[in-house]
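An overview of the molecular structure
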Amino acid sequence: MAVSISVPSDTQRWRCTQCGNLTRFDVTRSVRSRDYLHFDLSGGSRVEESQTLAETIEEVRCRWCNAVDAVETVDRPDAGAAESA
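Since the model is a prediction, treat every value here as computed from it, not as a measurement. (Residues numbered from 1 in each chain as written. Predicted model: local features only at pLDDT ≥ 70, side-chain atom pairs only at ≥ 80, totals over all residues. Heavy atoms only, no water.)

Let's talk about a nonpolar patch on the surface
There is a patch of nonpolar side chains on the surface, built from Leu37, Phe39 and Val47 and spanning about 280 Å² of accessible area. Its place among the elements puts phenylalanine 39 in strand β2 (residues 25-39). (Patch = residues over 30% accessible without salt bridge, like charges linked within 9 Å, V, L, I, M, F, W, Y side chains within 5 Å. Areas by Shrake-Rupley, 256 points an atom, 1.4 Å probe, with all protein chains shown as cover. Salt bridge = Lys/Arg side-chain N within 4 Å of Asp/Glu carboxyl O. Helix = DSSP H or I, 4+ residues; strand = E, 2+ residues; numbered from the N terminus.)

Digging into the packing of aromatic side chains
Within this structure, the stated rule accounts for one aromatic pair. With centroids separated by 5.7 Å and ring planes inclined at 80°, the aromatic side chains of tryptophan 14 and phenylalanine 25 adopt a geometry described as edge-to-face. Taken as a pair, tryptophan 14 in strand β1 (residues 12-16) and phenylalanine 25 in strand β2 lie far apart in primary sequence, eleven residues in all. Residue tryptophan 14 is classed as buried on the basis of its relative accessible area of 11%. (Phe/Tyr/Trp six-rings, centres within 6.5 Å; stacked < 30°, edge-to-face > 60°. Buried < 20%, exposed > 50% of the residue type's maximum accessible area, 1.4 Å probe, protein only.)

A short note on the environment of arginine 24
Within the element layout of this structure, arginine 24 appears in the loop between β1 and β2. Taking the relative accessible area as the measure of exposure, arginine 24 reaches 48% and is therefore partly exposed. Each C-alpha atom of the pair arginine 24 and arginine 63 lies 5.3 Å from the other, and the pair is 39 residues apart in sequence. Filtering out sequence-adjacent residues up to four positions away, arginine 24 remains in contact with Arg61, Cys62, Arg63 and Trp64. (Contact = heavy atoms within 4.5 Å.)

Observations concerning the pattern of salt bridges
Going through the model one piece at a time under the given rule, you end up with five salt bridges. Across the pair arginine 63 and aspartate 26 runs a salt bridge, and its minimum N-O distance is 2.7 Å. One end of the pair, arginine 63, is in the loop between β3 (45-62) and β4 (71-75); the other, aspartate 26, is in strand β2, and 37 residues separate them in sequence. Arginine 63 sits in the exposed class, given a relative accessible area of 52%.

Topic: the pairing of β3
Here β2 runs beside β3; their pairing, made up of 15 bridges, is antiparallel. Its bridge partner lying in β3, aspartate 26 is registered against arginine 61. Here β2 folds back onto β3 in antiparallel fashion, the turn holding five residues, of which glycine 43 has a positive phi close to 105°. (Pairing = 2+ DSSP bridges.)

Observations concerning the side chain of asparagine 21
Structurally, asparagine 21 is set in the loop between β1 and β2. Here threonine 23 takes part through its backbone nitrogen, which lies 2.8 Å from a polar atom of the side chain of asparagine 21. Looking at asparagine 21, its side chain comes within polar contact range of the main-chain oxygen of arginine 24, at 2.5 Å. Those residues in contact with asparagine 21, other than ones at most four positions away along the chain, are Trp14, Arg15, Cys16, Cys62, Arg63 and Trp64. (Polar contact = N/O pair within 3.5 Å; in protein donor to acceptor, adjacent residues only side chain to side chain.)

This is the structure:
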């Protein structure tokens, strides 16, 4: 089941409302992608191009206090300065 939290933009960040953590989170997500694989003659492969078609965040867990439903998206303190520059 997906949660109602999105990946922060350049002017936002995540914050745990339970402990105040701003820097460490475990993120469980599902990604649907289109990959261009290059196989060598021995059968080994590597991804040369990858395009994300869809991404769903299933869970964001605070690494400090282990809270699951306490993470919110907030504005970065310098967001106004970055937009006016």
